[in-house]
Amino acid sequence: LMKKVYIKTYGCQMNERDSEAVAAMLRARGYAIIPSEADADVILLNTCSVRDLAEQKAIGKMTTLAHLKRRKPDLVLGYLGCMAQSRGGALAEKQSAVDLVVGTQRFHHVPDYLDQIFTRRCEDADSYDEELKAIVDTAEEPGSESTIRDHVLGTNGNRQVTAFVSIMQGCDMYCSFCIVPYTRGSERSRPIAEIVEEIQQLVDQGVQEVTLLGQIVTSYGRKDIGKQDGKSAFVQLLEAVHEVEGLERIRFTSPHPKGFGDDLIQAYRDLPKLCEHAHLPVQSGSNRLLKAMNRGYTREWYLRILDKLREAQPKIAISTDIIVGFPGETEEDFEHTASLMREVEFDQAYIFKYSPRRDTPAAELPDQLSDDEKERRNQIVLEILNDRMARKNQELVGQTVEILVEGRSEKAGKRMFGRTRTNKIVLFDGDEPHQGELLPVCIERATTITLYGNPAIHNL
Ligand code: 5AD
């Protein structure tokens, strides 16, 4: 009988992609991947460490599952990913119901470990911890960046229109607030040819839009590929991906603002498949704090990049990440962030309250802010953002935009949804046959987050 596995994913798109690759590998090994935890023989939590809240959620979930396991003693429970990497065996020590802890460079060993658990040959595993009765593997592995390559496409019988493609792993930037260099290791990139081949295969199966993924994609290949004709390895990759016939749209995330050299800005002019959207995490509008965060740029430099991007693509949408309440953030520092938000008018922003992370320099700084103060600042920035987003979306009402139809909207029931090249979600009344179409829609109505459209074709 096929063992049933449920994988729950916390955190970013990179984690989503890792879970998908693990699912594909498990499926190839004869496991069934199921969409909910009821009936599961194995429950794996693929975790996030970027803020404490994300870790607490996963730990809380595991506590609930440990209770469930008292009634279902054969249930196999595991932690994967970032928190598994940074906390390792300590997780199994604290929660004895945990059978498996697998870090960020060893996802592809999960099928072996589950096989071992089910054939009760755990004793043979190198990493089996006799005392913990759990398999703990947080080793580093050269070449592991190339192991996130298998896909599960179109699970609900629908053809899948968009896909994530992991191009690199790790980060060497060491922003003072960030745990990622410790959970994901140092920068390692896949070869261009391998990535192009994966994308070609996806396109052959009907995918039309890819998002190139990495913790810091603008650092792609900088160690082993390097610059050519003044073009960074990342831009060389974009050009190679652009050549894939049948591919319609290219996106990428997450970059570092420092990676937006003239070559990348020029790519927005030269590569028609590259969508008019850039996610440019600014973190703060205060130069003093940008320095303390070790970001390597100033507010003025960041704004100059946005000017250049808007010069290259006047319609480009800009999104960002903001941290409020970094240690020592004064009222004046915060006002610089608020004024930046008013000045730039981001199309989307993810606002985070600073969360001290173990091993990071910022966690040791004096003048940590209270939760109340962080929450107050969070609300102020959110209000500015929502106001600007609502206004910008309103401006689109009456305009016709091109969307790529991805499928049926889960939240909005009967409606279909697609995305504009600027990464805005558009809902419309329609049917499955539209899936995969590049459809012109007239925007009829807008809220802060969602646009409602009418296929323009029907109006002709
Ligand atoms: N506290 C709050 N937010 C954080 N981020 C990263 N580390 C922290 C932290 N310690 C945010 C940054 C980053 C995003 C992915 O998460 O804004 O861009």
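As a reminder, the structure under discussion sits directly above these lines.
My aim in this report is to walk through the structure given alongside it, one point at a time. Model, not experiment: these values are computed from the prediction.

1. A short note on the side chain of Asp-137
Link 1 in the chain: Mapped onto the elements, Asp-137 comes out in strand 7 (residues 134-137).
Link 2 in the chain: Among the polar contacts made by the side chain of Asp-137, one reaches the main-chain amide nitrogen of Ala-139 at a distance of 3.1 Å.

2. Quick word on the site of the ligand
Link 1 in the chain: In the region of the ligand, the neighbouring residues are Val-50, Arg-51, Phe-177, Gln-283, Asp-321, Ile-323, Phe-352, Lys-353, Tyr-354, Ser-355 and Arg-357.
Link 2 in the chain: Asp-321 is positioned such that a nitrogen or oxygen atom in its side chain is 2.6 Å from an oxygen atom of the ligand.
Link 3 in the chain: Within the contact set of the ligand, a nitrogen atom lies 2.8 Å away from a backbone nitrogen or oxygen of Ser-355.
Link 4 in the chain: Of all the secondary-structure elements, those providing two or more residues to the shell around the ligand are strand 14 (317-324) and strand 15 (348-353).
Link 5 in the chain: Of the residues belonging to the shell around the ligand, the class tally is five nonpolar, two polar and four charged.

3. Description of helix 13 (residues 371-395)
Link 1 in the chain: An ideal rise of 1.5 Å per residue puts 36 Å on 25 residues; helix 13 measures up with 36 Å between its terminal C-alpha atoms.
Link 2 in the chain: Residues of helix 13 that are buried: Lys-374, Arg-377, Asn-378, Val-381, Ile-384, Leu-385, Arg-388, Met-389, Lys-392 and Asn-393.

4. Let's talk about the sheet that holds strand 12 (residues 249-253)
Link 1 in the chain: Overall, parallel pairing links the three strands, which are arranged 8-11-12 in an open sheet. At either margin of the open sheet sits one strand with a lone partner, and together these are strand 8 (162-166) and strand 12. Mean inter-strand twist for the sheet, computed between neighbouring axes without regard to direction, equals 25°.
Link 2 in the chain: Helix-sheet contacts for helix 1 (residues 13-28) involve strand 8, strand 11 (209-213) and strand 12, and the interaxial angle to strand 8 is about 95°.
Link 3 in the chain: Lying over the sheet, helix 7 (residues 192-204) contacts strand 8 and strand 11, oriented at roughly 165° with respect to strand 8.

5. Brief notes about the packing of aromatic side chains
Link 1 in the chain: For the structure shown, the criterion picks out eight aromatic pairs.
Link 2 in the chain: Joined through ring pairs, the aromatic side chains of Phe-234, Phe-252, Phe-260 and Tyr-268 make up one cluster.
Link 3 in the chain: One Lys or Arg, Lys-8, reaches over the ring of Tyr-10 and ends 5.3 Å from the middle of that ring.
Link 4 in the chain: Here the guanidinium or amino end of Arg-445 rests over the ring plane of Tyr-452, the centre of that ring lying 4.0 Å away.

6. Regarding unusual backbone geometry
Link 1 in the chain: A cis amide bond, omega -10°, links Thr-253 with the succeeding residue Ser-254.
Link 2 in the chain: Residue position: Ser-254 is located in the loop between strand 12 and helix 9 (262-270).
Link 3 in the chain: A positive phi angle is found at Gln-283, which is not glycine, with a value near 70°.
Link 4 in the chain: In this structure, Gln-283 sits in the loop between strand 13 (277-279) and helix 10 (287-292).
Link 5 in the chain: Relative accessible area serves as the criterion here: at 7%, Gln-283 is assigned to the buried category.
Link 6 in the chain: Phi angles above zero are rare outside glycine, and Glu-345 is one such case at about 55°.
Link 7 in the chain: Tracing the backbone shows Glu-345 in the loop between helix 12 (331-344) and strand 15.

Each value, and the rule that gives it
- Residues numbered from 1 in each chain as written.
- Predicted model: local features only at pLDDT ≥ 70, side-chain atom pairs only at ≥ 80, totals over all residues.
- Heavy atoms only, no water.
- Helix = DSSP H or I, 4+ residues; strand = E, 2+ residues; numbered from the N terminus.
- Polar contact = N/O pair within 3.5 Å; in protein donor to acceptor, adjacent residues only side chain to side chain.
- Near = heavy atom within 4 Å.
- Nonpolar A, V, L, I, M, F, W, Y, C, P; charged D, E, K, R; others polar.
- Expected span 1.5 Å × (residues − 1).
- Buried < 20%, exposed > 50% of the residue type's maximum accessible area, 1.4 Å probe, protein only.
- Pairing = 2+ DSSP bridges.
- Axes fitted to C-alpha atoms, helices over the stretch in contact; angles between N-to-C directions.
- Contact = heavy atoms within 4.5 Å.
- Phe/Tyr/Trp six-rings, centres within 6.5 Å; stacked < 30°, edge-to-face > 60°.
- Lys NZ or Arg CZ within 6 Å of the ring centre and 35° of its normal.

Keep in mind these numbers describe shape, not what the thing actually does.
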